[in-house]
2 protein chains.
Amino acid sequence: MLKMYDLAGAEADRRFSPYCWRAKMALQHKGLEVETIPWRFTDKPAISASGQGRVPVLVDGERWVSDSWVIANYLEDNWPDKPSLFGGGAGRALSRFYSNWADAVLHPALIPLALLDILRHVDAKDRDYFRKSREERFGTTLEKFVGDRDAKLPAFRAALTPLRLTLMTQPFLGGDKPLYADYIVLGAFLWARAISEYALLAADDPVAAWRGRMLDLYEGYARKAKGYAV
Amino acid sequence: MLKMYDLAGAEADRRFSPYCWRAKMALQHKGLEVETIPWRFTDKPAISASGQGRVPVLVDGERWVSDSWVIANYLEDNWPDKPSLFGGGAGRALSRFYSNWADAVLHPALIPLALLDILRHVDAKDRDYFRKSREERFGTTLEKFVGDRDAKLPAFRAALTPLRLTLMTQPFLGGDKPLYADYIVLGAFLWARAISEYALLAADDPVAAWRGRMLDLYEGYARKAKGYAV
């Protein structure tokens with residue numbers, strides 16, 4: 001059985017890493033069973049065999065595979081007879097831009113809306129690490145960084161424009177069915193859903209309808225996970 | 001022989017529409033010969049058979065095909081034995097996001113840097129139309145809209161981050177070879193190149209190296225077109 005180290009909050013079943021969500025949705029897409037192991041930011045020794053200190057880490061027997069993009073490629077290459085995550089070589093190459101867009105545009109637009117909610121949910125042993133590392137990264141206190149969320153919401157929603165326009169013409173980024181590109185983007189929304197009640201999307205946003213379709217996949221796999229109603 | 005109406009400036013061989021460039025590069029990719037017909041904004045009657053008033057318009061015998069995305073799909077579906085623009089159904093679906101990103105993010109970031117340069121190059125009969133339509137669209141004079149370009153350049157370059165990160169790990173958006181997604185993005189740079197001497201990219205930007213590779217394709221097809229050295 002595959003195992004995956006998965007970032008958890010104070011409650012072991014509150015899983016909020018967008019990168020772990022990418023990997024878990026990819027595993028669902030492939031129809032592969034996985035045992036997820038709750039992991040906290042400060043549990044570095046548990047994953048030292050992976051040669052680095054971040055999750056997701058997939059453990060396949062003797063193989064330790066880290067980095068969500070590498071994991072997706074590992075699943076695609078080792079289970080070629082299961083449904084494809086990329087739809088071929090072109091689709092694999094074209095998926096990179098989505099990953100970089102999520103990392104460079106989507107996540108940075110979301111973080112100011114969600115950072116304090118993450119702090120509320122991280123495990124007690126992670127709180128000091130989380131506050132210190134993020135305040136160093138952003139050069140200010142978490143409270144100042146988050147500031148007035150409502151004032152930042154329009155910028156977040158505007159950043160979704162390319163996503164919104166695409167989902168107005170097709171049900172998934174991958175077309176009629178979801179592909180790994182969908183899971184890349186979904187990761188951000190599952191991250192937010194796990195820790196925040198804040199309404200990121202207007203009810204009539206095509207992105208919200210897509211998020212609903214994604215939550216329904218695989219018998220509601222993501223919807224069943226601990227989080228807030230969105 | 002295929003024909004295509006192609007936006008031209010005061011000089012008939014100065015072709016600056018990003019959407020026409022998408023279509024012309026797609027035609028090159030398919031190895032199809034095309035006669036391009038210089039067209040100006042105010043030449044609406046010439047393309048009335050297409051049922052709309054914008055270029056590119058492809059004429060294939062009795063068929064008039066407009067809209068660059070529709071043209072790309074028309075080429076893909078009617079010349080399936082020529083090199084694929086999408087690399088399959090997944091690639092086709094995944095290309096939509098690139099188109100929407102270019103329209104919603106890349107072009108809007110470029111327009112404030114290039115708009116006055118376009119005005120300098122449009123045909124005399126188009127100048128009033130161009131100024132009036134753009135000043136209505138942007139709600140200010142072209143001169144005010146363009147303002148201090150150097151101050152706007154960092155935002156343009158920052159908008160390229162997902163593109164830059166991708167091109168740091170693979171030579172083309174399509175992977176080892178260019179796909180239609182590459183032409184979508186290239187259109188913006190060929191638009192700028194046709195009408196502006198302004199240096200959009202730092203010399204050491206991976207995006208600049210990619211642009212160079214794109215200009216080299218098909219025996220320097222785009223590089224031979226009238227424009228400024230970039």
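All of these numbers come straight from a predicted model, not from anything done at the bench.

**Considerations on unusual backbone geometry**
Excluding glycine, residues mostly have negative phi values, and the peptide bonds linking residues are mostly trans.
Here comes step 1: The step from Val55 of chain A to Pro56 of chain A runs through a cis peptide bond, and the omega angle for that step is 10°.
Here comes step 2: Within the secondary structure, Pro56 of chain A is located in the loop between β2 (34–39) and β3 (57–60).

**What to know about the nonpolar core**
Here comes step 1: In terms of nonpolar packing, the biggest core is built from 162 residues, with Phe156, Leu163 and Phe189 of chain A together with Phe156, Leu163 and Phe189 of chain B touching the most fellow members.
Here comes step 2: Not counting residues within four places of it along the chain, the set of residues in contact with Phe156 of chain B comprises Leu106, Ala109, Leu110, Leu113, Phe189, Leu200 and Leu201 of chain B.

**Some details on the confidence of the model for chain A**
Here comes step 1: Overall, the prediction assigns chain A a mean pLDDT of 97, with 100% of residues at 70 or greater.
Here comes step 2: Among the prediction metrics, the complex's ipTM stands at 0.96, with pTM recorded as 0.97.

**Brief notes about the sheet that holds β2 of chain A**
All names here are of chain A.
Here comes step 1: Read across the sheet, four strands follow the order β2-β1-β3-β4 without closing on themselves; strand pairing throughout is mixed. Pairing within the sheet leaves two strands with one partner each, and these edge strands are β2 and β4 (63–66). The mean angle between the axes of side-by-side strands here comes to 20°, regardless of whether they run parallel or antiparallel.
Here comes step 2: Here β3 pairs with β4 via four bridges, running antiparallel. The partner of Val57 across the bridge, within β4, is Ser66.

**A few points about the packing of aromatic side chains**
Here comes step 1: Taken as a whole, this structure holds 30 aromatic pairs over all chains when the rule is applied.
Here comes step 2: Ring geometry for Phe41 of chain A against Tyr129 of chain A: centres 5.5 Å apart, planes inclined by 35°, an arrangement best described as tilted. Separated by 88 residues along the polypeptide, Phe41 of chain A in the loop between β2 and β3 and Tyr129 of chain A in helix α4 (residues 127–138) bring together distant segments of the chain.
Here comes step 3: When the centroid spacing of 6.4 Å and the interplanar angle of 70° are considered together, the rings of Phe156 of chain B and Phe189 of chain B count as edge-to-face. On the criterion of sequence distance, the pair formed by Phe156 of chain B in helix α6 (residues 149–159) and Phe189 of chain B in helix α8 (residues 180–195) is long-range, its members being 33 residues apart.
Here comes step 4: Note on Phe156 of chain B: relative accessible area 1%, which makes it buried.
Here comes step 5: By the ring-pair criterion, three or more aromatic residues cluster together here, those being Phe97, Tyr98 and Trp101 of chain A together with Phe97, Tyr98 and Trp101 of chain B.
Here comes step 6: Between Lys24 of chain B and the ring centre of Trp21 of chain B, over which it is positioned, the NZ or CZ distance is 3.6 Å.
Here comes step 7: Above the plane of the ring of Phe145 of chain B lies Lys152 of chain B, whose end atom (NZ or CZ) is 5.9 Å from the centre.

Cut-off values and rules
Residues numbered from 1 in each chain as written. Chains lettered and ligands numbered in written order. Predicted model: local features only at pLDDT ≥ 70, side-chain atom pairs only at ≥ 80, totals over all residues. Heavy atoms only, no water. Helix = DSSP H or I, 4+ residues; strand = E, 2+ residues; numbered from the N terminus. Core = buried A, V, L, I, M, F, W, Y, C linked by side-chain atoms within 4.5 Å. Buried < 20%, exposed > 50% of the residue type's maximum accessible area, 1.4 Å probe, protein only. Contact = heavy atoms within 4.5 Å. pLDDT = per-residue confidence, 0-100. Pairing = 2+ DSSP bridges. Axes fitted to C-alpha atoms, helices over the stretch in contact; angles between N-to-C directions. Phe/Tyr/Trp six-rings, centres within 6.5 Å; stacked < 30°, edge-to-face > 60°. Lys NZ or Arg CZ within 6 Å of the ring centre and 35° of its normal.

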